[in-house]
Amino acid sequence: MNSLLIQLIGSAVAVAAMVGLAAWARIPRPTEPLDVPTARHLLDIDYPGYPIDAVWIAADGLGAIARSGGHALVLAQLGDSWVTRDMAWTAAVNAPIRGGRVRLRTPDPAAPKLSLAVSGVTPWPPQAPEGLVAARDAA
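Residues numbered from 1 in each chain as written. Predicted model: local features only at pLDDT ≥ 70, side-chain atom pairs only at ≥ 80, totals over all residues. Heavy atoms only, no water.

Visitor: I keep staring at the overall build of the protein and nothing clicks. Help me out?
Guide: A count of helical and extended segments in the protein gives three helices and seven strands. When the elements of the protein are put in sequence order from the N terminus, they spell out α-α-β-β-β-β-α-β-β-β. Here the protein holds 139 residues, and 32% of them are scored as buried. Of the contacts made within the protein by residues no fewer than 6 positions apart, 39% connect residues no fewer than 24 positions apart. Accessible surface computed for the protein: about 8,600 Å², of which carbon and sulfur atoms make up 62%. (Helix = DSSP H or I, 4+ residues; strand = E, 2+ residues; numbered from the N terminus. Buried < 20%, exposed > 50% of the residue type's maximum accessible area, 1.4 Å probe, protein only. Contact = heavy atoms within 4.5 Å. Areas by Shrake-Rupley, 256 points an atom, 1.4 Å probe, with all protein chains shown as cover.)

Given below as structure tokens:
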């Protein structure tokens, strides 16, 4: 009977240690907010044949949208890494803004909705003086 109790306690300690390790492993590393060169670099890795016309960085630095002709290349943080998706530029420009976030619905079922922060300093759609990024009617 005594050995059964020791075995039960040992198993409980082992399970608690595994649960603790799994919880600790899910804590993401802190990442630096995106800047334009980093966003361009990350997008160039996943979309090497797409020349990037302009980049818009999210207000919180946790995502970006780049214009490449008629395409919008979206970069968003997922855990402690980055994911990229592409969509039509017109769909990105006309994406709804709710709760201070632009809600992007991509055709990819693995990431049906991406949400990037906007603010008065970084509005969406961006208002670039050269009209490269912002123009809804040019899209």
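Visitor: When you look at the sheet that holds strand S2 (residues 63-68) in this model, what are you seeing that I'm missing?
Guide: Sheets are built from strands paired through backbone hydrogen bonds, the pairs being either parallel or antiparallel. As summarised here, the arrangement of the four strands in space is S1-S2-S3-S4, forming an open sheet in which the pairing is antiparallel. The outermost strands of the open sheet, each flanked by one partner alone, are strand S1 (54-57) and strand S4 (81-88). For this sheet, the mean angle separating the axes of adjacent strands, direction not counted, is 20 degrees. Alignment of S2 against strand S3 (residues 71-78), held across six bridges, turns out to be antiparallel. Along S3, the bridge assignment pairs Ala66 with Leu73. Along the sheet, helix H2 (residues 36-46) contacts S1, S2, S3 and S4; its crossing angle with S1, the most-contacted strand, is approximately 115 degrees. (Pairing = 2+ DSSP bridges. Axes fitted to C-alpha atoms, helices over the stretch in contact; angles between N-to-C directions.)

Visitor: Explain the nonpolar core to me, please; I cannot follow it from the model alone.
Guide: One recurring pattern in soluble globular proteins is that nonpolar side chains are buried together. Counting 19 residues, the largest nonpolar core has Trp56, Ile65, Val74, Val102, Leu104, Leu116 and Trp124 as its most contacted members. Looking at this core, the elements with two or more residues in it are S3, S4, helix H3 (89-93), strand S6 (101-105) and strand S7 (113-117). When residues no more than four places from it in sequence are discounted, the contact partners of Trp56 are Gly63, Ala64, Ile65, Val102, Leu116, Ala117, Val118, Thr122, Pro123, Trp124 and Pro126. Counting residues in hydrophobic clusters, the runner-up holds 11 residues, among them Ala39, Ile57, Ala66 and Leu75. (Core = buried A, V, L, I, M, F, W, Y, C linked by side-chain atoms within 4.5 Å.)

Visitor: Could you clarify how one ought to interpret the environment of Val83 in this entry?
Guide: Tracing the backbone shows Val83 in strand S4. Note: C-alpha distance between Val83 and Asp46 (37 residues apart in sequence) is 9.3 Å.

Visitor: What am I meant to see in a positive patch on the surface here?
Guide: A surface patch of positive charge is lined by Arg98, Arg103, Arg105 and Lys113. Locating Arg103 in the fold gives a position in strand S6. (Patch = residues over 30% accessible without salt bridge, like charges linked within 9 Å, V, L, I, M, F, W, Y side chains within 5 Å. Salt bridge = Lys/Arg side-chain N within 4 Å of Asp/Glu carboxyl O. Lys, Arg positive; Asp, Glu negative; His and termini not counted. Charge placed at Lys NZ, Arg CZ, Asp CG, Glu CD.)

Visitor: It is not clear to me how the pattern of salt bridges should be interpreted in this structure. Could you clarify?
Guide: Pairing is possible between side chains of opposite charge, provided their charged atoms come close. In this structure the tally under the stated criterion is one salt bridge. A salt bridge links Asp60 to Arg101; the nearest nitrogen and oxygen atoms lie 3.9 Å apart. Here Asp60 is found in the loop between S1 and S2, whereas its partner Arg101 is found in strand S6, with 41 residues between them in sequence. Residue Asp60 is classed as partly exposed on the basis of its relative accessible area of 32%. Residue Arg101 is classed as partly exposed on the basis of its relative accessible area, which comes to 27%.

Visitor: What should I look at first to understand a nonpolar patch on the surface in this one?
Guide: Judged by side-chain polarity, Leu5, Leu8, Ile9 and Val13 come together as a nonpolar surface patch covering roughly 390 Å² of accessible area. With respect to the helices, strands and loops of the structure, Ile9 is situated in helix H1 (residues 2-25). Exposure remark for Ile9: the relative accessible area of 48% places this residue in the partly exposed category.

Any link to function would need more than the numbers given here.
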